[in-house]
Amino acid sequence: MAVLSNDAIRLQEYGVGVFERIATKSALKKAIKKKMIFVNDKVATTATFIKEGDKIEYRFDQNDDTRKKFRLKLPIIYEDDYLAIINKPAGIVVSGNNFKTVANALCQNLNPSSIHDAAKPQPAHRLDFATTGLLLIGKTSSVIKELNRLFEFKEVQKSYYAVTIGAMEPKGEVNLQVDDKEACSIFEVLETIPSIRFNYLNLVKLSPKTGRRHQLRKHMLAIGNPILGDATYFKQGLMLKGKGLYLHAQSLQFIHPKTYQEMYVDTTLPVKFNKLFRSIS
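Residues numbered from 1 in each chain as written. Predicted model: local features only at pLDDT ≥ 70, side-chain atom pairs only at ≥ 80, totals over all residues. Heavy atoms only, no water.

Okay, the overall build of the chain next. Within the chain, the regular secondary structure consists of six helices and 16 strands. Considering only C-alpha atoms, the chain reaches an extent of 70 × 35 × 35 Å along its principal axes. Across the 281 residues in the chain, those meeting the buried criterion constitute 47%. Of the contacts made within the chain by residues no fewer than 6 positions apart, 60% connect residues no fewer than 24 positions apart. Accessible surface for the chain amounts to roughly 15,400 Å². Of this, 49% is attributable to carbon and sulfur atoms. Once the 42 positive and 28 negative side-chain charges of the chain are each reduced to a mean point, those two points are 8 Å apart. (Helix = DSSP H or I, 4+ residues; strand = E, 2+ residues; numbered from the N terminus. Buried < 20%, exposed > 50% of the residue type's maximum accessible area, 1.4 Å probe, protein only. Contact = heavy atoms within 4.5 Å. Areas by Shrake-Rupley, 256 points an atom, 1.4 Å probe, with all protein chains shown as cover. Lys, Arg positive; Asp, Glu negative; His and termini not counted. Charge placed at Lys NZ, Arg CZ, Asp CG, Glu CD.)

Looking now at the pattern of salt bridges. What the rule picks out here adds up to nine salt bridges. Of the charged contacts, one joins D41 and K55 as a salt bridge, the two residues approaching to 3.2 Å between their closest N and O atoms. Taken as a pair, D41 in the loop between β3 (37-39) and β4 (42-43) and K55 in strand β6 (residues 55-58) lie far apart in primary sequence, 14 residues in all. A relative accessible area of 47% means that D41 is categorised as partly exposed. The shortest N-O distance in the salt bridge between R217 and D230 comes to 2.8 Å. With R217 in helix α5 (residues 215-222) and D230 in the loop between α5 and β15 (247-255), this pair connects stretches of sequence that are 13 residues apart. Across the pair, D230 and R217 agree in class, each one buried. Within the structure, one salt-bridge network assembled from shared partners comprises D41, K55 and E57. (Salt bridge = Lys/Arg side-chain N within 4 Å of Asp/Glu carboxyl O.)

What follows covers the pairing of strand β14 (residues 199-208). For β14, the tally of buried residues reaches seven of 10 residues, placing the bulk of the element in the interior. The sheet contact formed by strand β11 (residues 157-165) and β14 spans six bridges and is antiparallel. The residue of β14 that forms the bridge with Y161 is K205. Across 10 bridges, strand β13 (residues 184-195) lies against β14 in antiparallel orientation. Paired with P194 across the bridge in β14 is Y200. Hairpin connection between β13 and β14: a loop of three residues separates the two successive antiparallel strands. (Pairing = 2+ DSSP bridges.)

Within the element layout of this structure, V143 appears in helix α4 (residues 141-152). A C-alpha to C-alpha distance of 6.6 Å links V143 and P257, two positions 114 residues apart in sequence. Beyond its immediate chain neighbours, meaning those up to four positions away, V143 contacts Y82, L83, G138, P257 and K258.

Structure below.
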């Protein structure tokens, strides 16, 4: 049961994250359609609005707890009562309908929040299946909403490190549409080494100014410097198999939605990067 303490709002907007079993909008909509959500003891609908003092209940079979739990050790880089930052491993999706997701492993890795609107931990953004690195997680309903707002208004600065193929300019900006939407990526070459197979390999810092799907991977291919190990966006004959994608979400910078402190968190690069470049060994 949850008791609302905010102004009137549509149930579908407020309800995500309030109950442990309902972490997404689609899950909330499904529960409403199954007539499992009640507001003030009445069955709620998708048109229900709620206001301060309303009682919200999610009624399900208490004995129906046969769901398997996905066990995955996640490195925790930062955690408090409101949010957490984890180091996502390669080869796993962040969220979705699959059982094996980062989202399904969060409860086994994070400490429960003691805040009044504590919710099931929820990722605030996505990283590709093959991408490693920092992932920001919300632990309360209000913080989940605020983190979503920060990303929507581009108030989270992200930087990635990648290994790219071929000769590159020392730095530059790529402005090419992705999925018919404006997209911008900044790149800076930090080190270049010769390669018999690829001619040159570059350690590159990437700063996306927009958040389109596969933006960095598409932009690097578009300028002729695909990311090493990319099995989707590559040049014919230059795909590296068996080593994974050399793309790592290295840093996050944002204002903490509750303490208002400026947060800057970074992490070390995967070992496979260190094996190529002296500057990070």
